[in-house]
Every structure is written in C-alpha cells, then in structure tokens.
Amino acid sequence: MNRCLWLFPVLLSSLTAAEPRWSHLSSRNGDLPAPGASTQQTGALVADLDRDGADDFVLGFRQTAPALVWYRRTGKGWDRYVIEKDFLTVEAGGAVHDIDGDGDPDVVFGGDWQSKEVWWWENPYPDFDPNISWKRHVIKKGGKTQHHDQVFGDFKNTGKPQIVFWNQGAKSLFIADIPADPRHTEAWLFAPVYSGEAGEKGDASGAFKYAEGTTAADIDGDGVVDLLAGNYWFKYLGGGQFKPVKVGSIGGRIAAGKFIESSKHPQIVIAPGDGSGPLRWYECTGDPLKEADWKGHDLLDRDMIHGHSLDVGDVDGDGHLDIFAAEMAKWTESRPDSDNPKAEAWIFYGDGQGNFRKKVLATGHGFHEGKLADLDGDGDLDILNKPYNWDAPRIDVWLNNGTGPRKHAGTGASFKGPLGLQLYSLRHQFQKNVPLALDYVQKFGFIEIEGGGDYGYGRERFSRMLEAHGLKTICSFVDYKTLRDNPDSAISNAKAFGAQYVVVAWIPHEKGKFNEQNCREAIAVFNKAGERLKAAGLRFAYHLHGYEFQPYKSGTLFDLMVSETKPEFVAFEMDVF
C-alpha cells in the first residue's frame, strides 16, 4: 500500500532553499483593485474566507465608507468584495474565527478612539456577492473606546476558543467566551484579563502611548495555548485568573516561534508597534514564569521607528522560521510628506539555532499591519502590505518567486510525495475546534488525508468542509467490530467520502497479550471483509501498531498474518513516526 502514511506527529525535514525572488504588485499600477476612497487604512487580516486554498485578505478603514473590503483570490489576481458597505471607524487589528460554528471563518474588528464597539461579521459562504454586505453583529457595546488588536484561542482550556481584545480607553485586556447562540446575542459577556501598562513607549513626540499587540502560543509547553499581549505572556491559573509574565522592556507587535529548534520553549519577538524602540527577540533560559529568565537579543543596531508590522514564518522554505518586520513611513494625518522617509522593511532569515541574516525588502515604503501569507495559493509565503496613510489608498503584495503550482507537503529532492496525513495526528486540535484544525492541515500543505469520521457535522457537510480545504480522503478508517459484523456500513462510509481504502487500526485483545487466537480470528475477518470490499471497488488494509510482533514459532505473529491473509484482499499500512 503506497498511497498513504499515518503520521505521529507531522514530519518536517531539513531543507536548503535559495533566497526568494520577489514580484511586487500594487494597486497603484493596476495590479490589484483600488481599496476605496479612504486615506486612513487601519485594519488588516488574512484568512481563506472562501475555502479555495489561497489566503484572502480583508482591509479596514475609518475615514469614509466602505468600512471593510475583502480581496478574493481568483485565477487572474484578486477581486474586491464589500464586507461592510457602511461607514464605521474601524481600528487596526482584526481576527478571524468560525464564531457561529457553521464551518466557515467569520471576521472580527474593533472600533477606534471614536467608538465603544467591537463587531463580528457573519460569513455568507458560499453565497458571496461583491456588492452585498455581510451581516454585522455586536460583541462589545458601551464602556471605553478604542480596540486595537484581537485574538482567538482556548486560553482557559475549556475545549472552546475565547476572544481576547485590547480596550485601550480602559487600559485593559478583556476576554469573552463565544455565546451558545452568537447570531442572536448582542453584546457578549467579557471579563478583564489584565489592566495597566504593557510596555507602551510611544514615539519621539511622546504620542501613541498605549498598549497593543496580541497573539497565541503554548509558551510553557503544558499543551494549553497561552495569551501574549503587549510585552507579557499570560499563564492561565484557573477561575478566570491570569498571571502576567513580563518578557521584554517594551510592548507592541508580538509573535512567537521556535527560532532555536532545540529549545524547550518557544521564543518571543516584539516590535514597538505605534511607537519607536528596539526590535528584539527573547529566549527563555530557565523558567518561563520568571521575568528574569527571559533574555533579549536585538535584531537591529538602531531603534525601529513605528514598527507596526511583525510576523513569523518560513519565508525561504528551508524548514526554519524567519521574522518579517517593517516600519511605517507616515502616520501624521495633517502632514503632506513622510514622517519617516527612510522607512525599511526586513526579512530576518533564521537558521533554527537562533542566528539571523538580515535582508532589506524595501526602503521608503510605508508598511502598516504587513502580513506573511500564501496569497496566491502556491504553497509559499508572500507578503501583504496595507499602508496606513502613506500614499493611501493603496495595497501592495510581494509574491514569493511569483506564482507557481501548489507545493505539496513532504515533496523534495529525496521524496517526491505527495505525503498524506492521518487526521488522528491532530486529534487534540479536532476535539477543540474542527474548522481550525482543518485550516492547520491545509496550511501544512497536505492534500491527501486518512479519516472517515465526520466530527459531528454529518458526512455530507463534513465532506463539503474537506472539499473547501482542498482535502481528499484516500483512506476511511473503521473499527474492527463494524468491519466484522457490518462491512456494508464501512463500504457506505468510504464511498460517501470518496475513499479508495478502508483501514482497520486495532485488533481487540487483552493489553500486552496479543496471541495466536487473536491473530487467526483477525485473519479470517480480514480475508472475508477484504473480498467484500474488493467487490465494491475498494481496497482493505490493516494498520500495524507493534503488538503484532509477538514471537511465534521461528518468526512473529505478524509473519503469520502476512502468510495467511490473501494479498488480493488484504494490504498492510506502516506506522510512521
């Protein structure tokens, strides 16, 4: 059986890669549709809103309508859709999550210093119209103003993600559970995570002094996703309480990743955001709960000026994480020229050992909320930039080595692939958030999967979700009892998902005592069911675990199984670690 591999966990290989060649596209040159009339472009987020395998992007505005537009990837470039046709004062930030649980990602943005609200927009997938707004709902209404940055994650380890958002007017970070019926709940219940300063420094003028930045990562390695915001990471203590752990001296844009791949804990990188200060990454040299055990390393030999773009990803495809960071060129609305005419954007190429090679991507270009994302669906990371008010309105994209065919997971010089993934490898993620787990599978580059379950969505709906993520079920798993007693059920399930193989992964037996009787009973079941499956146009396989290698005569029980199962009806699948 050579089509599928069961992985525990996903396998990543060390690669060598050439530095990318960038193709710069801009709405100024007609390469993309113009965003709109607003000269103050605030928020930006990236998500595959139409489930076609390519990351789309959403831009927010606050000077004039429309408030939100969506750039949808097409075969020839991007089409511009309106998400919110009305005027709203949208702030920087934005987040995406399947809020209503219907299998597609919804969009969140908050209001700026003029607004007391946070909103979410209901994705109408698959019924999109470029000129019809999505339905808007309210998360927060009233209280203090300004909501710069939001993030979703299961920070309280409840099995369901929460939303966290800054409320700068309240100088607080708030958390809210998603209501049971979010479509009919206006204003969610939220509680404070933290109040006070979070490393805000401002710029040389003394302005822009407010906390910002949010992301999610498991910092202490306990299997629970942690909240990062400002210059802190937050350990959940239970009972709605979080412990803030200071990482660096300044706060702002914040991200995390394993820049030292041999390290026990991820590293954290912080840029000054709406202010000026060092661009610095931090490693934990001891206990991640102790401030003194976080050691900083500068990426620049000068302060970063209004560093409002920061992201982490493997840009050059060598298997190691890189850092993308960029400065704003202009932020003063009343000023006709640039505040920072020599603004720079960089990629810091990592080697997986904590060393970085700096490369300047652009000079004199005003970045704001820049992102790394696969914008053309070819499997590598591109760069999105939406300037705030520098030469606005405009949007720019840098394509990584142009647009090529989609790259599949596992392909390379020594293995041509494609490599498939058993969804059981992400079982914990699927237990908590099925749509998000499917996002992971897609972003890893997998196309072929082993599955067979529907995770409570029903076969028809879950099949549509798989199709929307560009995933094809090659193997359908079935339990031993069903295969023995009701093989037609296994056939029906496999055909519903379009699978070619039906696989059993466990033979019932007393723990540690798999014996000849167990083996011979399984052989009979496999031969009989395998013949029935073949007649239905399917192939049966047994997935090994290791208990089959009990001594038997001059070999093992596995040797007995191989010798007495009929090869025309029974195949075997290796367990790959």
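Bear in mind the structure is a predicted one, so any value in this text is a computation, not a measurement. (Residues numbered from 1 in each chain as written. Predicted model: local features only at pLDDT ≥ 70, side-chain atom pairs only at ≥ 80, totals over all residues. Heavy atoms only, no water.)

### Observations regarding the overall build of the protein chain
Here is step 1 of the chain: Of the regular secondary structure elements, the protein chain holds seven helices and 40 strands.
Here is step 2 of the chain: For the protein chain, whose C-alpha radius of gyration is 26 Å, the value lies close to the compact-globule estimate of 25 Å for 577 residues.
Here is step 3 of the chain: Its C-alpha atoms give the protein chain principal-axis dimensions of roughly 85 × 50 × 50 Å.
Here is step 4 of the chain: When each of the 577 residues of the protein chain is scored for burial, the buried share is 57%.
Here is step 5 of the chain: The long-range share in the protein chain, meaning contacts at least 24 apart out of those at least 6 apart in sequence, stands at 58%.
Here is step 6 of the chain: For the protein chain, the computed accessible surface area is about 24000 Å², with 50% contributed by carbon and sulfur atoms.
Here is step 7 of the chain: Charge centroids of the protein chain, computed over 63 positive and 81 negative side chains, lie 1 Å from each other. (Helix = DSSP H or I, 4+ residues; strand = E, 2+ residues; numbered from the N terminus. Rg over C-alpha atoms; globule rule 2.2 N^0.38 Å. Buried < 20%, exposed > 50% of the residue type's maximum accessible area, 1.4 Å probe, protein only. Contact = heavy atoms within 4.5 Å. Areas by Shrake-Rupley, 256 points an atom, 1.4 Å probe, with all protein chains shown as cover. Lys, Arg positive; Asp, Glu negative; His and termini not counted. Charge placed at Lys NZ, Arg CZ, Asp CG, Glu CD.)

### Digging into the sheet that holds strand β32 (residues 421–422)
Here is step 1 of the chain: Reading across from one edge, β32-β33-β34-β35-β36-β39 is the order of the six strands in this open sheet, with parallel pairing throughout. A strand with exactly one partner marks an edge of an open sheet, and here the two such strands are β32 and β39 (570–573).
Here is step 2 of the chain: By the bridge criterion, two bridges tie β32 to strand β33 (residues 448–451) in an arrangement that is parallel. Following the sheet pairing, Leu-421 is matched in β33 by Ile-449. (Pairing = 2+ DSSP bridges.)

### Here's the deal with a nonpolar patch on the surface
Here is step 1 of the chain: Judged by side-chain polarity, Leu-436, Tyr-440 and Phe-444 come together as a nonpolar surface patch covering roughly 260 Å² of accessible area.
Here is step 2 of the chain: In this structure, Tyr-440 sits in helix α2 (residues 434–443). (Patch = residues over 30% accessible without salt bridge, like charges linked within 9 Å, V, L, I, M, F, W, Y side chains within 5 Å. Salt bridge = Lys/Arg side-chain N within 4 Å of Asp/Glu carboxyl O.)

### Some remarks on the side chain of Asp-226
Here is step 1 of the chain: Turning to its location among the elements, Asp-226 is positioned in strand β16 (residues 226–229).
Here is step 2 of the chain: At 5.2 Å, Lys-235 is the nearest oppositely charged side chain to Asp-226, a buried residue that forms no salt bridge.
Here is step 3 of the chain: A polar contact is formed between the side chain of Asp-226 and the backbone nitrogen of Ile-219, at a distance of 2.8 Å.
Here is step 4 of the chain: Ignoring sequence-local partners within four residues, the contact set of Asp-226 consists of Phe-155, Thr-215, Ala-216, Ala-217, Asp-218, Ile-219, Asp-220, Trp-233 and Phe-234. (Polar contact = N/O pair within 3.5 Å; in protein donor to acceptor, adjacent residues only side chain to side chain.)

### Notes on the pattern of salt bridges
Here is step 1 of the chain: Within this structure, the stated rule accounts for 33 salt bridges.
Here is step 2 of the chain: For Glu-19, the salt bridge is made with Lys-359, and the minimal N-O distance between the two is 3.6 Å. Of this pair, Glu-19 sits in the loop between β1 (6–7) and β2 (22–26) while Lys-359 sits in strand β28 (residues 356–363), placing them 340 residues apart in sequence.
Here is step 3 of the chain: Relative accessible area serves as the criterion here: at 33%, Glu-19 is assigned to the partly exposed category.
Here is step 4 of the chain: Here the residues in one salt-bridge network are Arg-28, Asp-391, Arg-394 and Asp-396, joined through shared partners.

### Digging into the nonpolar core
Here is step 1 of the chain: Counting residues in hydrophobic clusters, the biggest one holds 31 residues, and the most contacted among them are Leu-483, Val-504, Ile-507, Phe-526, Phe-540, Tyr-542 and Met-561.
Here is step 2 of the chain: When residues of this core are traced back to their parent elements, those giving at least two are α4 (480–485), α5 (487–496), β35 (501–504), α6 (516–535), β36 (539–543) and α7 (557–564).
Here is step 3 of the chain: The element contributing the most residues to this core is α6, with seven residues.
Here is step 4 of the chain: By size, the runner-up hydrophobic cluster in this structure holds 18 residues, among which are Leu-45, Ala-47, Val-107 and Phe-109. (Core = buried A, V, L, I, M, F, W, Y, C linked by side-chain atoms within 4.5 Å.)

### Describing the sheet that holds strand β19 (residues 253–257)
Here is step 1 of the chain: With antiparallel pairing, four strands are arranged side by side in an open sheet as β19-β20-β22-β23. Each edge of the open sheet is held by one strand with a lone partner, namely β19 and β23 (294–298). Put simply, the sheet's adjacent strands are angled 25° from each other on average, direction ignored.
Here is step 2 of the chain: In this structure, strand β22 (residues 280–284) lies alongside β23, joined through five bridges in antiparallel fashion. Across the sheet, residue Tyr-282 finds its bridge partner in β23, namely Gly-296. (Axes fitted to C-alpha atoms, helices over the stretch in contact; angles between N-to-C directions.)

### Thoughts on unusual backbone geometry
A negative phi holds for most residues other than glycine; trans holds for most peptide bonds.
Here is step 1 of the chain: Here Ala-65 and Pro-66 are connected by a cis peptide whose omega angle stands at 0°.
Here is step 2 of the chain: Mapping Pro-66 onto the fold places it in the loop between β4 (56–61) and β5 (68–74).
Here is step 3 of the chain: A cis amide bond, omega 0°, links Tyr-125 with the succeeding residue Pro-126.
Here is step 4 of the chain: Relative to the assigned elements, Pro-126 resides in the loop between β9 (118–122) and β10 (135–140).
Here is step 5 of the chain: The phi dihedral of Glu-369 falls on the positive side, at around 60°, and the residue is not glycine.
Here is step 6 of the chain: Relative to the elements of secondary structure, Glu-369 occurs in the loop between β28 and β29 (371–373).
Here is step 7 of the chain: Glu-369 sits in the buried class, given a relative accessible area of 2%.

### Details of the domain arrangement of the protein chain
Here is step 1 of the chain: As assigned here, the protein chain comprises domain 1 (40–196) and domain 2 (420–573).
Here is step 2 of the chain: Tallying the contact residues gives 15 residues for domain 1 and 13 residues for domain 2.
Here is step 3 of the chain: Here domain 1 and domain 2 share an interface that buries about 920 Å² over both sides, 39% of which is from carbon and sulfur atoms.
Here is step 4 of the chain: Together, Arg-51, Gly-103 and Gly-159 form the three largest contributors to the area buried by domain 1 at its contact with domain 2, with a combined 43%.
Here is step 5 of the chain: At the junction of domain 1 and domain 2, the tally comes to two residue pairs in polar contact (both at pLDDT 80 or more).
Here is step 6 of the chain: Along the lines of polarity and charge, the residues of the side of domain 1 that touches domain 2 split into two nonpolar, six polar and seven charged. (Domains from an automatic or database assignment. Buried area = accessible area lost by both parts, 1.4 Å probe. Nonpolar A, V, L, I, M, F, W, Y, C, P; charged D, E, K, R; others polar.)

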